[in-house]
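Now for the letters of each chain:
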Amino acid sequence: MALWSGRFEEGVDDFTQRFGASLPVDKAMYAEDIAGSKAHSRMLANQGIISQQDVEDIHAGLDTIQQRIEADDFAFDINDEDIHMAVEGALIESVGQAGARLHTGRSRNDQVSTDTRLYAKKLCDHLMAGNVALRQALLAQAEANFSVIMPGYTHLQHAQPVLFSHHMLAYFWMLARDFGRFKNAKRAADMCPLGAAALAGTTYPLNRAATAEALGFAGVIPNSLDAVSDRDYLLDLLYACSVSSIHLTRLCEEIILWSTAEFGFVTLSDSYSTGSSIMPQKKNPDFAELIRGKSGRVVGDLVGLLVTLKSLPLAYNKDLQEDKEGAFDAAHTVLDCCQCAAGMIETMAIHPEAMRAQATKGYLAATDVADYLAKKGMPFRAAHEVVGHLVLLCEKRGCQLDDLTLEDFKAESDLFEADIVNCLDLESIVAARTTFGGTGNAAVREQLESAQQMQQKDADSLL
Ligand code: ARG
């Protein structure tokens, strides 16, 4: 018999019971549900609504239920519909009258959102920790390969040489912003709905501030209708997961490209590669591909909840039960992706010679040669044209800019002198980019230091 069976003469059939149940998903929130019930019952007793004996019995009963669940000794039954019913039913069974008083002044509507908010906060903590660990792997690669030069790309065409460390740090900063998004999502979840009851508040003299504080919430949601129907904190979590997942697809896509024979910039360790069932020579970047692929379900989870919430009238509607599965899935998926990406990056071998060999192709010095002329007084547009001609000459001869003689240069402009060779050498080209945030060694050193500081600050904030 359901806990609400009073006004019913018949129950639902087995299929409908299963269809309407959320237990398989929300049993993950058992600890939050028990914590919420303890805080609620303690407050009820302190307000004189139930007796101190009731609250002792309720707490003892809840502790036993928690131990049983954790020992895998609790028989979950789909007839309980959800974790709230399962715990309350078991409590009444074990402590009787006191257990039956627990739900005084409370509805599953404020209860479920309280539990979900607590669980979402926990997920955000895990996501922030996973994010920091992944950033550590990027930092370590940047530190270990600080002065390695690689071609920088625009349109996936050779553009200008950059430091590999600079490239790694670009991902560090993307992920550092993801950390901020997880932190914001945690803040959004950090308000307590408990005491809103079904939708309108209750006739009991509840102390909402007390339960909010006992559960570690920053505050109390000021509108009972909003308290039971708001799920934007899950949208915030899903959005943060989606952006992070998309960032990971960009990183993984590059790793996949870099590990091809065409690039040969990196070799993934055997532990982050797989073979082929038919082609004996194959070593595939399966895990990078899988992380790239998993973004589909994470973004799908975000879109799913957006659509579920669209046009939903106030206050609680059963549609809202669809909120948890996608949100939990997205969070766990991104957590796993971060862990996998961290191991993959930590263990991947970098091939500086291959990066350098590519950086000597594709006229990566062209901008610097144009800047050389412009610094000698030629308008930049005219200098751009001159260097365009030099590149065309190289194309026709099948050579690179540093194969040209001083005479070749002078034939295009007499501003060229012997010191033009300084603009053709990769180290000088990179080092010359002294702008704050640029790829010059000094600027990247400074950048690396601020990245390390931010990493320390974010890691400390998790302790
Ligand atoms: N299982 C429900 C959910 O996850 C709990 C709230 C049910 N409330 C109700 N009035 N049916 O949303």
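Residues numbered from 1 in each chain as written. Predicted model: local features only at pLDDT ≥ 70, side-chain atom pairs only at ≥ 80, totals over all residues. Heavy atoms only, no water.

Focus on the packing of aromatic side chains
Under the counting rule described, the total for this entry stands at 11 aromatic pairs. Both rings, one in F15 and one in F19, keep their centres 5.9 Å apart while their planes meet at 20°; by these two values the pair is stacked. Of the two residues, F15 and F19 are both situated in helix α1 (residues 14-20); the distance of 4 residues between them amounts to about one turn of the helix. According to the relative accessible area criterion, F19 is exposed, its value standing at 65%. Each residue in the set Y153, F164, W258, F263 and F265 is aromatic and connected to the rest through ring pairs, giving one cluster. Between the NZ or CZ atom of K121 and the centre of the ring of F217, over which it lies, the distance is 4.9 Å. (Phe/Tyr/Trp six-rings, centres within 6.5 Å; stacked < 30°, edge-to-face > 60°. Helix = DSSP H or I, 4+ residues; strand = E, 2+ residues; numbered from the N terminus. Buried < 20%, exposed > 50% of the residue type's maximum accessible area, 1.4 Å probe, protein only. Lys NZ or Arg CZ within 6 Å of the ring centre and 35° of its normal.)

Some points on the packing of helix α11 (residues 232-258) against helix α12 (residues 286-309)
Two quantities define a packed helix pair, namely the angle between the helix axes and the distance between the axes. Between α11 and α12, whose axes approach to 8 Å, the crossing angle comes to 160°. Compared by their axis directions, α11 and α12 come out roughly antiparallel. Read as a crossing pair, α11 and α12 show a hand that is left-handed. In terms of residue class, the contact of α11 with α12 is built from 17 nonpolar, 4 polar and 5 charged. (Axes fitted to C-alpha atoms, helices over the stretch in contact; angles between N-to-C directions. Parallel < 35°, antiparallel > 145°, perpendicular 65-115°, else oblique. Left-handed = near helix turned anticlockwise from the far one by under 90°. Nonpolar A, V, L, I, M, F, W, Y, C, P; charged D, E, K, R; others polar.)

Topic: the pairing of strand β1 (residues 149-154)
If a strand is regular, its side chains alternate between the two faces of the sheet. Taken together, the 6 bridges between β1 and strand β2 (residues 157-163) define a ladder with antiparallel strand orientation. Bridge pairing in β2 places G152 opposite Q160. In this antiparallel pair of consecutive strands, β1 and β2, the connection spans 2 residues, and H155 shows a positive phi of 55°. (Pairing = 2+ DSSP bridges.)

Examining a nonpolar patch on the surface
A cluster of nonpolar side chains, namely L199, L225 and L314, defines an oily patch on the protein surface of about 270 Å² accessible area. Topologically, L314 is positioned in the loop between α12 and α13 (323-346). (Patch = residues over 30% accessible without salt bridge, like charges linked within 9 Å, V, L, I, M, F, W, Y side chains within 5 Å. Areas by Shrake-Rupley, 256 points an atom, 1.4 Å probe, with all protein chains shown as cover. Salt bridge = Lys/Arg side-chain N within 4 Å of Asp/Glu carboxyl O.)

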